[in-house]
Amino acid sequence: MPALNKLGLLISFSVMATAVTSLDALAQQPTADVVHWLTSGAESEAITILAKEFEKRGGKWVDSAAPGGPTDAQALIMNRIAGGNPPGVAFISVGHSAVELGKEGLLQDIKAEAEKNGADVTSDVMLKLVSDTDGALYALPIAIESSNLAWLSKTVYDEAGLTFPKSWAEFLEQAKVLKEKGYIPLAVGAQGWQLSILFNSVLLAEAGNDTFDAIVNTKTAEAAGSAKVVQAFTTMRALSTYSDAGASNRAWNDTLNLVAEGKAAVQIMGSWAGAELTKMGLERGDKWDCILPPGNTRLILDGAGFEFPKVTNADDVAGQALFVQVMMDPAVQAKFAAVKGAVPARLDADTSGLAPCDQMSAQIIRDSGSFPSPSSVLGNESGGQIEDLLSRFWADASLSPEEAAKQYSDIVSGGQ
Amino acid sequence: MMARFALVPSILLCAIGFYGAMLWTVVISFTSSTITPRYEFAGLAQYVRLFTMDRWHVAYTNMFVFGALYIACSLIFGVLLAIALDQSIRGRNLLQTIFLYPIALSFIVTGLAWQWLLNPTTGLQNYVRGLGFESFAFDWLSSPDRAVYTLVIAGVWHAAGLVMAIMYAGLGSVDGEIWRAGRVDGIPRTTMYRRIILPMLKPVIIVCVVLLSMDVIKSYELVVAMTGGGPGYSTDLPAKFVVDNLFTRTNIGLASAAATLMLASIIVLLLLFGWLQKERVAR
């Protein structure tokens, strides 16, 4: 009987031992629990590229998609951090809010990892957005989106016998002609964020590169309230009379459809519009074209990237390191950007696989330079206030350009 | 004793999940929290800021404009429909189903449908112009001064059926003797409704008003789907203001201050309701 007991003990010990070793084997796998909102069509394909590569290099990918978009993802991240179960990796729009979270001590400073993986050849406009003043780096960009591009209908310009204008003043001249011929001169979806995109490209043209630089890089109140900014608002007011009656709260892709159908001459929208036009089965150069907006010589950028909430578990920490390696691999970035319709954040990555408009963007970023978008610099709150201001200005003619410029300057200098 | 004991978990859940969360929101509204809750007392700073924001004033005023018109119109249409049904007309069941149908749709669907209908370039205006009336204009949806009334139109379409159903049930419960007495005295039907039947149904009407007021205060989807708060922020409502600031603008303190003011508004409404009830009992 005792012998049997001993045998039993031996068996149970060995079972336990195997259990422990297999647990150990599991425990040594780098794990990335990734919160993201890339769930539709091409975007979902893009995140799959990362997931596959991550698994190929021995990692374990846990997918925590928030299909509701950035707002849902943000809420999910905050809830999981508050609940003590932070995700290791979170997809973000590259911007000031990562620094805000970092300052609260919720994000991993990944400067060291980034420097090992090509931070020096990554767009410094993007890196600066997520760097704290003390040098900490709280997120990494993977792809760059240009927000100031003009998507024009070649059909409309050909039929009207016009060429795309060089300045907004010339645009307004042409708009009269286009309107008389029954076209919508400027396709606009009057939602805060869309107006913000339009305004930035007007501002860049009217204020010039130096003043725009002062606004986004030093947040100078004088620059933001200067006569040039008043001029930008004046142009904006004039433009508001050249849209159509259905603009209010119109989704950006419905607005783009006006251009695709040859009803409207042009829409100012980000690089994602190119992917949408291609999805409609229209190739560039056929009925539409992409070009820098009137008077713009540089691009205004928004970025897509990842932040890394602080985690304690060894697997998750290892997972973060492996994730940085994967996402900063130039080949991965090239594939990711090509599928998502953007430009790789690493400037040395191959751009030959990108869509024609994105190749154009990549070249402008390399040759002429770029700015971060004001909303990414100012953070969600001030960015939101600017959206409020612009949508009110667009709808309410009693708000004068001077008053609007003053409010704009207050928001810009008060922002952070 | 056991029964009471069994209730403890649900009471606790209610106390913590409901009142705890409310209390937490009120507390946060007095702090300087932005992206994360930070317990750093800031006095009334968030409220002061809230009151300097034009958008909050617009949103708060809209709640009353939208609320008053929504409740009044839903009641009027609902009561008229109920009275019409009460005339024992033919096809009553079919009509009841038709009028009750909108309430089965969510506010999101209602909002989207009415956005398409009222959009000047694709909807009603375009259709009537297509019929040959070139000068016809109905562009309230894109007019900052009038867009809020389009919310009322959509809201009333959505809610009038509910009021109708409740009022119709109320009318059905009126004793036939009262009608007979009215006929004996030769009182016209309209006077009967106005002076006798509807006053008898006051409790039912109050229930309708309470249900509709709840709709008003929590109304969020309708605005988001229909106008997105625009043109400008002319159709903003407090609930949308709170959600925008809480999630997209990561300003928990300001959002909590706005939410607290919404809570205060609800409490005032409840007190008013309680007072009305008491008045009725006292008489």
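Residues numbered from 1 in each chain as written. Chains lettered and ligands numbered in written order. Predicted model: local features only at pLDDT ≥ 70, side-chain atom pairs only at ≥ 80, totals over all residues. Heavy atoms only, no water.

J.: Even after reading the chapter, I still don't get the interface of chain A and chain B, so can you show me in this structure?
T.: Across the contact, 23 residues belong to chain A and 27 residues belong to chain B. Counting each side, the surface lost to burial between chain A and chain B is near 2,000 Å², with a carbon and sulfur contribution of 52%. Where chain A meets chain B, there are five salt bridges. With its nearest N and O atoms 3.5 Å apart, the salt bridge here joins Asp-54 of chain B to Arg-392 of chain A. Across the contact surface, chain A and chain B share 10 residue pairs in polar contact (both at pLDDT 80 or more). Counting only elements with at least two residues in the side of chain A that touches chain B, the list comes to α3 (70-82), α4 (96-103) and α17 (374-395) of chain A. Considering every element that reaches the side of chain A that touches chain B, the biggest residue donor is α17 of chain A, with nine residues. (Contact = heavy atoms within 4.5 Å. Buried area = accessible area lost by both parts, 1.4 Å probe. Salt bridge = Lys/Arg side-chain N within 4 Å of Asp/Glu carboxyl O. Polar contact = N/O pair within 3.5 Å; in protein donor to acceptor, adjacent residues only side chain to side chain. Helix = DSSP H or I, 4+ residues; strand = E, 2+ residues; numbered from the N terminus.)

J.: Which parts of the structure should I look at to understand the domain arrangement of chain A?
T.: Many descriptions give the size of an interface as the accessible area lost when the pieces come together. Residues and elements named next belong to chain A. According to the domain assignment, chain A contains domain 1 (30-146 + 302-367) and domain 2 (149-301 + 374-414). Relative to domain 2, the C-alpha centre of domain 1 lies at a distance of 28 Å. On the side of domain 2, 21 residues touch domain 1, which itself brings 21 residues to the contact. Surface buried jointly by domain 1 and domain 2 totals about 1,700 Å² across both partners, of which 65% is contributed by carbon and sulfur atoms. For the pair domain 1 and domain 2, the interface holds zero salt bridges. (Domains from an automatic or database assignment.)

J.: Looking at this structure, I do not really get the side chain of Glu-145 of chain A. What am I missing?
T.: Note that Glu-145 of chain A resides in strand β4 (residues 139-146). Looking at Glu-145 of chain A, its side chain comes within polar contact range of the side chain of Lys-340 of chain A, at 2.7 Å.

J.: Even after reading the chapter, I still don't get empty space enclosed by the protein, so can you show me in this structure?
T.: Any empty space left between atoms is shown by rolling a water-sized probe over those atoms. Residues and elements named next belong to chain A. Counted according to the given criterion, the structure contains five cavities of 30 Å³ or more. Put simply, the largest cavity is a space of about 60 Å³. Looking at the largest cavity, the residues that line it are Ala-187, Val-188, Gly-189, Gln-194, Leu-195, Leu-198, Gln-267, Ile-268 and Met-269. (1 Å grid on protein atoms, 1.4 Å probe; cavity = no way out; pocket = protein on both sides within 12 Å on 5 of 7 lines; lining within 4 Å. Points joined across faces, edges and corners; volume = space filled by probe spheres on them.)

J.: Which parts of the structure should I look at to understand the state of the cysteines?
T.: The full count for this structure, using the stated rule, is one disulfide over all chains. Shown here is the disulfide that connects Cys-290 of chain A with Cys-357 of chain A, its sulfur atoms set 2.0 Å apart. Its S-S torsion of approximately -105° makes the covalent link between Cys-290 of chain A and Cys-357 of chain A left-handed. With Cys-290 of chain A in strand β8 (residues 288-291) and Cys-357 of chain A in helix α16 (residues 356-367), this residue pair connects regions lying 67 residues apart in the sequence. By relative accessible area, which is 2% here, Cys-290 of chain A ends up buried. For Cys-73 of chain B, which is in no disulfide, the shortest distance to another cysteine sulfur is to Cys-208 of chain B and amounts to 15 Å. (Disulfide = S-S within 2.5 Å. Buried < 20%, exposed > 50% of the residue type's maximum accessible area, 1.4 Å probe, protein only.)

J.: How do you make sense of the pattern of salt bridges when you look at a structure like this?
T.: Pairing is possible between side chains that carry opposite charge, provided their charged atoms lie close to one another. For the coordinates displayed, the defined rule picks out 27 salt bridges over all chains. Between Glu-173 of chain A and Lys-176 of chain A there is a salt bridge, with the nearest N and O atoms lying 3.9 Å from each other. Of this pair, Glu-173 of chain A and Lys-176 of chain A both sit in helix α8 (residues 168-180), three residues apart, which is roughly one turn of that helix. Residue Arg-55 of chain B pairs with Asp-236 of chain B through a salt bridge whose shortest N-O separation is 2.5 Å. Of the two residues, Arg-55 of chain B is situated in helix α3 (residues 54-86) and Asp-236 of chain B in the loop between α11 (221-226) and α12 (238-248); the sequence distance between them amounts to 181 residues. Judged by relative accessible area, which is 4%, Arg-55 of chain B ranks as buried. With a relative accessible area of 1%, Asp-236 of chain B lands in the buried category.

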